[in-house]
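Below, each chain spelled out in residue letters.
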Amino acid sequence: MSPFAVNHEVPPRSGMRDWEEWAPFSYPFNLSQQPAASVPCGFTDTGMPVGFQLAGGKFDDIRVLRACNAFMQAYPPRFPTVPDPARTG
């Protein structure tokens with residue numbers, strides 16, 4: 001899913017009221033102590049960044065980090081060029 005506009009907790013026109021309705025498993029997942037990491041994996045057609053979240057079993061932090069590292073080695077992240085304000089002036 002592409003990111004939605006700033007100041008929206010849920011996708012517009014979804015019929016949902018708040019983030020807990022949109023992502024009901026976030027809170028209990030955090031309580032489970034399972035390690036997770038977000039990895040950049042590209043951009044939408046409109047240039048918005050996209051990532052994926054990888055989660056592992058309780059106390060399996062190293063496997064999550066190794067998997068993320070392997071993905072990033074195979075598919076190095078690309079980032080848009082940001083103009084240098086010192087050179088545009």
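These numbers were taken from a predicted model, which means no experiment stands behind them.

A tally of helices and strands in the protein yields three helices and two strands. Here the protein has a C-alpha radius of gyration of 17 Å; the compact-globule value for 89 residues is 12 Å, and the former is much larger. Dimensions of the protein along its principal axes, counting C-alpha atoms only, are 50 × 40 × 25 Å. Residues counted as buried form 12% of the 89 residues belonging to the protein.

To continue, consider the pairing of strand S1 (residues 36-43). Direction of pairing for S1 relative to strand S2 (residues 49-55): antiparallel, over a ladder of seven bridges. Within S2, the position partnered with Pro40 by the bridge is Gly51. A loop of five residues connects S1 with S2, the two strands running antiparallel in sequence, and Gly47 in this loop sits at a positive phi of about 90°.

We now examine the pattern of salt bridges. In this structure the tally under the stated criterion is two salt bridges. Of the charged contacts in the structure, one is a salt bridge between Glu21 and Arg17, with a shortest N-O distance of 3.9 Å. One salt bridge in this structure joins Arg63 and Asp60, with 3.0 Å as the shortest N-O distance. Accessibility expressed as a relative area gives 58% for Arg63, which makes it exposed.

Attention now moves to a nonpolar patch on the surface. On the surface, Trp19, Trp22, Tyr27 and Leu31 cluster together into a nonpolar patch covering about 470 Å² of accessible area. Contributing elements (two or more residues each) for the nonpolar patch: helix H1 (19-22) and helix H2 (26-31). Within the secondary structure, Trp19 sits in helix H1. With a relative accessible area of 39%, Trp19 lands in the partly exposed category.

What counts, and at which threshold
Residues numbered from 1 in each chain as written. Predicted model: local features only at pLDDT ≥ 70, side-chain atom pairs only at ≥ 80, totals over all residues. Heavy atoms only, no water. Helix = DSSP H or I, 4+ residues; strand = E, 2+ residues; numbered from the N terminus. Rg over C-alpha atoms; globule rule 2.2 N^0.38 Å. Buried < 20%, exposed > 50% of the residue type's maximum accessible area, 1.4 Å probe, protein only. Pairing = 2+ DSSP bridges. Salt bridge = Lys/Arg side-chain N within 4 Å of Asp/Glu carboxyl O. Patch = residues over 30% accessible without salt bridge, like charges linked within 9 Å, V, L, I, M, F, W, Y side chains within 5 Å. Areas by Shrake-Rupley, 256 points an atom, 1.4 Å probe, with all protein chains shown as cover.

Everything listed here is a matter of coordinates, which is why it stays silent on function.
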